[in-house]
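Reading the structure
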Amino acid sequence: MSTDTEDQKKENTIVIDNGRIEDIEEFRAPEALYADLLKRLEAYGRPVDTTLIEKAYKTASAFHRGQERKSGEPYLIHPLCVAIILADLEMDEETIAAGILHDVVEDTVMTIDELTVEFGREVAFLVDGVTKLSKIQYSTDKLDLQAENLRKMFLAMAHDMRVIMIKLSDRLHNMRTLSYHSREKQIEIARETLDIYAPIAQRLGISKIKVELEDLCLKYLEPEDYKNLSEMINSRKYEREQVVQSIVDEVSRHMKEAGISAKIDGRAKHFFSIYKKMKNQNKTLDQIYDLFAVRIIVASVKDCYAALGVIHEMYKPIPGRFKDYIAVPKANMYQSLHTTLAGANGVPFEIQIRTFEMHRTAEYGIAAHWKYKEASNGHKVGNEEEEKLNWLQQILDWQQELPDNREYMKLLKSDLDLFSDSVYCFTPAGDVKNLPAGSTPVDFAYSIHSAVGNRMIGARVNGKLVTINYTIKNGDVIEIITSQSSRGPSRDWLSIVKSPQARSKIQQFFKGEDKAENIEHGKELFAAYCKARNINPQELTEPAFVELLLKKYRFRDWDNVMAAVGHGALKEGQVVNRLLEYKTDYDRLHISDEDIYNELAEKQAKSAHSGKKHPASGDRGITINGIDGVSVRFPKCCSPLPGDDIIGYVTRGRGVTVHRRDCVNISTIPEDEKDRLVEASWQDTDISTGERAYTAEVTVYATTRPGLLADISKCISDSGMEIRSLNTRTSRHGTVTMNLNFDVKGRAEANIMIGKLKNIDNVLDVKRNTGKSAL
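Residues numbered from 1 in each chain as written. Predicted model: local features only at pLDDT ≥ 70, side-chain atom pairs only at ≥ 80, totals over all residues. Heavy atoms only, no water.

1. What to know about the overall build of the protein
Broken down by element type, the protein carries 32 helices and 20 strands. For the protein, with 775 residues in total, the buried portion stands at 48%. Once local pairs closer than 6 in sequence are excluded, the contacts in the protein between residues at least 24 apart make up 69%. Accessible surface, the protein: about 38200 Å² in total, of which carbon and sulfur atoms supply 49%. (Helix = DSSP H or I, 4+ residues; strand = E, 2+ residues; numbered from the N terminus. Buried < 20%, exposed > 50% of the residue type's maximum accessible area, 1.4 Å probe, protein only. Contact = heavy atoms within 4.5 Å. Areas by Shrake-Rupley, 256 points an atom, 1.4 Å probe, with all protein chains shown as cover.)

Put into structure tokens, the structure is as follows:
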């Protein structure tokens with residue numbers, strides 16, 4: 001074995017960091033960031049064709065021009081920082097290009113079809129995989145949208161793992177710049193990151209991203225704990241660095257004497273891992289001793305075990321604290337030897353020993369091995385990496401089995417829970433199974449196959465019969481006893497299993513067994529819900545509406561929907577409300593313009609018959625030259641509303657006419673008439689009180705489509721406002737100009753309605769009228 005080189009000696013130092021991917025300077029010009037990206041690509045150690053990347057940069061620059069992030073920086077900085085993170089992971093050219101373009105479909109006018117034409121199907125697929133389903137509308141809370149976005153992402157991820165690499169890089173940069181969001185948004189994004197994205201990074205073995213996401217989440221979710229932890233750790237930083245450096249120096253000397261070439265460094269454990277240990281073990285920071293670890297990186301597996309022997313001669317190993325992840329790798333491909341030792345002063349510390357290849361895998365996970373990386377040199381990756389993604393297949397199975405988004409999200413978060421510990425055990429054939437801590441032989445059986453779990457009648461652990469609620473320990477060899485005559489699992493098993501997979505498969509068994517009964521029960525619940533709300537169920541179950549429902553919840557037929565309602569996977573209210581949405585949309589699209597006009601005429605007739613009058617005279621809440629109660633009138637040219645900046649004009653024989661100051665007629669008044677202008681102001685502009693005694697006049701510009709008029713009318717009436725008049729004209733080019741008069745309490749309410757009208761599909765602009773006739 002060779003000894004250390006001079007370069008390796010320099011590397012045998014303490015490195016106190018949190019594993020963060022190299023920091024990206026904020027507020028750097030996009031040109032500087034792009035130059036930085038090119039430098040990182042040059043360091044790949046292989047030729048990189050930047051043609052596609054340069055084209056992506058120019059395209060993103062053009063489409064994001066003028067856009068800014070909440071920080072005030074040009075929006076283009078974000079996709080470039082995402083691309084730099086991807087380059088640090090040494091992703092291929094297509095992934096880098098997709099990282100630069102990942103927001104152009106979601107946040108600009110570029111479409112996925114245009115992207116496909118310009119960059120090909122591969123890049124377009126990657127971009128589409130991380131594009132949110134922002135156009136989908138949901139009647140409930142954000143959970144539906146979150147679940148549907150995740151379902152889409154996992155499907156794309158199963159087809160191409162590079163999708164999740166882009167998404168993780170995108171989320172990492174968003175977390176780095178989270179300080180510019182509101183506190184509420186910070187909590188929302190950080191919680192989703194800790195529940196979903198950090199665990200995915202862990203499953204994929206990408207510690208470079210995982211540790212930084214976790215620490216940033218802790219910073220925003222538990223700011224006081226994060227601050228206190230940071231202060232306590234930093235207060236002892238110098239002392240700890242001295243201890244670690246002495247260990248590194250001592251280990252380096254012994255490795256050299258043993259003839260083992262090694263790179264040795266010390267690192268502080270990141271905040272979240274310390275916080276997790278404190279929470280799980282109910283300890284204070286003073287009771288956590290292994291706040292740092294020493295890492296030994298060698299050339300071969302043989303050297304790993306040789307180094308372990310040297311270490312155990314130097315320090316006393318703590319019993320039960322040795323883990324051989326080389327012989328038994330973690331599910332995310334992580335390999336290393338972990339041993340906890342008693343230091344010279346009695347303080348425990350951990351040493352990790354691995355090869356350079358293992359270290360690369362530990363840092364970059366699946367990104368270091370995935371098959372697309374091997375295509376360039378002709379070597380194909382076997383099934384080993386794909387076998388590490390069994391958890392992803394389980395999630396895809398849940399997407400088929402769990403139509404209810406709440407149940408799906410609950411199971412997903414439970415499976416990805418970062419605070420849960422795990423145990424590893426063996427099949428009789430020596431295959432390793434990783435299960436949640438506290439798992440039973442039932443969990444083990446279902447981890448093999450649902451058929452094994454359904455036929456299980458007993459288990460042996462290490463050759464001895466055990467009860468089915470036995471708690472599995474690390475290293476147990478488990479044999480499942482099955483019988484063809486077994487009637488299936490017991491419902492009691494649901495109370496003892498720990499893994500989401502086992503729970504889901506047991507529930508699926510009972511759903512299938514009791515399907516006929518569940519269908520009838522579901523139909524009864526559906527009918528009762530409709531009856532209680534005076535809804536005709538036959539109108540809701542039209543084939544067109546049912547087909548949309550089946551597509552939404554991924555069911556084969558109506559009976560399966562009713563079965564899901566019967567066993568509780570879906571709530572009858574969810575089904576009815578979704579069908580009502582489909583029916584309302586259908587009715588809205590099929591109502592004629594004539595129907596709308598007739599309805600307006602009917603409303604106006606009822607208003608006239610009831611004696612309700614729209615005020616046209618009186619003081620109207622106006623103060624003229626500081627005097628209240630002056631009789632005023634409003635002209636039709638600008639229709640002033642409470643809250644508008646107004647001015648009075650003394651009209652011969654008709655008193656004072658009140659205009660908006662920006663009225664065309666006021667701005668064009670002759671000089672010799674200006675002495676007739678008088679100061680005017682509103683007595684009260686509070687729209688929360690009073691009647692809608694004023695008329696807002698607006699013009700809507702839109703492109704024609706079926707149901708446009710119905711949507712506009714519904715938008716106003718749903719807000720409790722009354723339409724006074726409406727007329728439209730459509731050009732031969734399909735452009736619609738619509739003049740609307742509706743009652744409001746004041747300017748603020750009119751502006752709110754204008755905002756709502758602008759959000760209607762095909763509406764191009766909405767403007768208040770500013771004047772059209774002479775004084």
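Right, picking up where we left off after that structure.
2. With respect to the packing of helix α2 (residues 30-42) against helix α4 (residues 77-88)
Describing two packed helices takes the angle between their axes plus the distance from one axis to the other. Taken N-terminus to C-terminus, the directions of α2 and α4 make an angle of 15°; their axes are 10 Å apart at the nearest point. Considering the angle they form, α2 stands roughly parallel to α4. As α2 runs across α4, the sense of the crossing is left-handed. Across the interface between the two elements, Pro-30, Leu-33, Tyr-34, Asp-36, Leu-37, Arg-40 and Leu-41 from α2 touch Ile-77, Leu-80, Cys-81, Ala-83, Ile-84, Ala-87 and Asp-88 from α4. (Axes fitted to C-alpha atoms, helices over the stretch in contact; angles between N-to-C directions. Parallel < 35°, antiparallel > 145°, perpendicular 65-115°, else oblique. Left-handed = near helix turned anticlockwise from the far one by under 90°.)

3. Considering a negative patch on the surface
On the surface, Glu-520, Glu-524, Asp-557 and Asp-559 cluster together into a patch of negative charge. The topology assignment puts Asp-557 in the loop between α26 (543-553) and α27 (558-567). Look at Asp-557 and you get partly exposed, because its relative accessible area is 33%. (Patch = residues over 30% accessible without salt bridge, like charges linked within 9 Å, V, L, I, M, F, W, Y side chains within 5 Å. Salt bridge = Lys/Arg side-chain N within 4 Å of Asp/Glu carboxyl O. Lys, Arg positive; Asp, Glu negative; His and termini not counted. Charge placed at Lys NZ, Arg CZ, Asp CG, Glu CD.)

4. Here's the deal with unusual backbone geometry
One non-glycine residue, Asn-462, adopts positive backbone phi at about 55°. Along the chain, Asn-462 falls in the loop between β8 (456-461) and β9 (464-466). Note on Asn-462: relative accessible area 46%, which makes it partly exposed. Despite not being glycine, Asn-762 shows a phi value in the positive range, around 80°.

5. Some remarks on the sheet that holds strand β19 (residues 735-744)
With antiparallel pairing, 4 strands are arranged side by side in an open sheet as β18-β19-β17-β20. This sheet does not close on itself; its edge strands, each paired only once, are β18 (723-730) and β20 (763-768). Neighbour to neighbour, the strand axes of the sheet diverge by 15° on average, direction disregarded. With 10 bridges connecting them, strand β17 (residues 694-703) and β19 associate as antiparallel partners. The residue of β19 that forms the bridge with Ala-702 is Val-736. Across the sheet, helix α31 (residues 708-718) is in contact with β17, β18, β19 and β20; its angle to β19 comes to roughly 15°. Each of β17, β19 and β20 touches helix α32 (residues 747-758); the most contacted strand, β20, lies at about 165° to it. (Pairing = 2+ DSSP bridges.)

6. So, the pairing of strand β2 (residues 292-298)
With 7 of 7 residues buried, β2 is to be regarded as a mostly interior element. Here β2 shows two buried faces, one formed by Phe-292, Val-294, Ile-296 and Val-298 and the other by Ala-293, Arg-295 and Ile-297. Pairing between strand β1 (residues 262-268) and β2: 7 bridges, direction antiparallel. Counted as the bridge partner of Ala-262 is Val-298 from β2.

7. Side note on the packing of aromatic side chains
Here the distance between the centres and the angle between the planes together describe a pair of aromatic rings. On inspection of all chains with the given rule, the structure shows 9 aromatic pairs. Ring centres of Tyr-325 and Tyr-334 lie 6.0 Å apart, and the angle between their planes is 70°; on these two criteria the pair is classed as edge-to-face. Here Tyr-325 matches Tyr-334 in class, with each residue buried. Seen from their ring centres, Phe-545 and Tyr-586 are 5.8 Å apart, and the 70° between their planes marks the pair as edge-to-face. You can see Phe-545 sitting in helix α26 and its partner Tyr-586 sitting in helix α28 (residues 572-589), a full 41 residues away along the chain. We classify Phe-545 as buried; its relative accessible area is 6%. Grouping aromatic residues by their ring pairs yields a cluster made of Phe-634, Trp-682 and Tyr-694. A cation over an aromatic ring shows up here: Lys-55 above the ring of Phe-119, its NZ or CZ 5.0 Å from the ring centre. (Phe/Tyr/Trp six-rings, centres within 6.5 Å; stacked < 30°, edge-to-face > 60°. Lys NZ or Arg CZ within 6 Å of the ring centre and 35° of its normal.)

8. Observations concerning the pairing of β19
Of all 10 residues in β19, 8 are buried; the element is thus mostly enclosed. Pairing between β18 and β19: 7 bridges, direction antiparallel. Counterpart to Arg-729 in the pairing with β19 is Thr-737. Where β18 hands over to β19, the hairpin turn is made up of 4 residues, of which Gly-734 adopts a positive phi near 90°.

9. So, the environment of Ser-483
Its place among the elements puts Ser-483 in the loop between β10 (478-482) and α23 (500-513). Those residues in contact with Ser-483 that sit more than four places away from it in its chain are Arg-455 and Ile-457. Engagement of the side chain of Ser-483 in a polar contact is seen with the side chain of Ser-485, the distance being 2.8 Å. (Polar contact = N/O pair within 3.5 Å; in protein donor to acceptor, adjacent residues only side chain to side chain.)

10. Considering the side chain of Arg-705
Its place among the elements puts Arg-705 in the loop between β17 and α31. At 2.6 Å, the side chain of Arg-705 forms a polar contact with the side chain of Asp-711.

11. Re α2
Three or four residues apart is the spacing at which side chains of an α-helix point the same way, because the helix has 3.6 residues per turn. For α2, which comprises 13 residues, the first-to-last C-alpha distance of 19 Å matches the rise-based estimate of 18 Å (1.5 Å per residue) to within 8%. If you follow the buried residues of α2, they end up packed against α3 (51-63), α4 and α5 (93-101). (Expected span 1.5 Å × (residues − 1).)

12. Here's the deal with α3
With 13 residues, α3 should reach 18 Å at 1.5 Å per residue; the first-to-last C-alpha distance of 19 Å fits that figure. Contacts made by the buried residues of α3 are with α2, α4, α5, α6 (104-107) and α7 (112-130).

13. Brief notes about the packing of helix α13 (residues 237-257) against helix α15 (residues 301-314)
With their axes 10 Å apart at the nearest point, α13 and α15 run at an angle of 125° to one another. Considered as vectors, α13 and α15 are oriented oblique to each other. Here α13 and α15 pass one another in a crossing that is right-handed. Only Ala-307, Val-310, Ile-311 and Met-314 of α15 make contact with α13, whose side of the interface consists of Glu-250, Val-251, His-254 and Met-255.

From the geometry alone we can't say anything about function, so treat these as descriptive.
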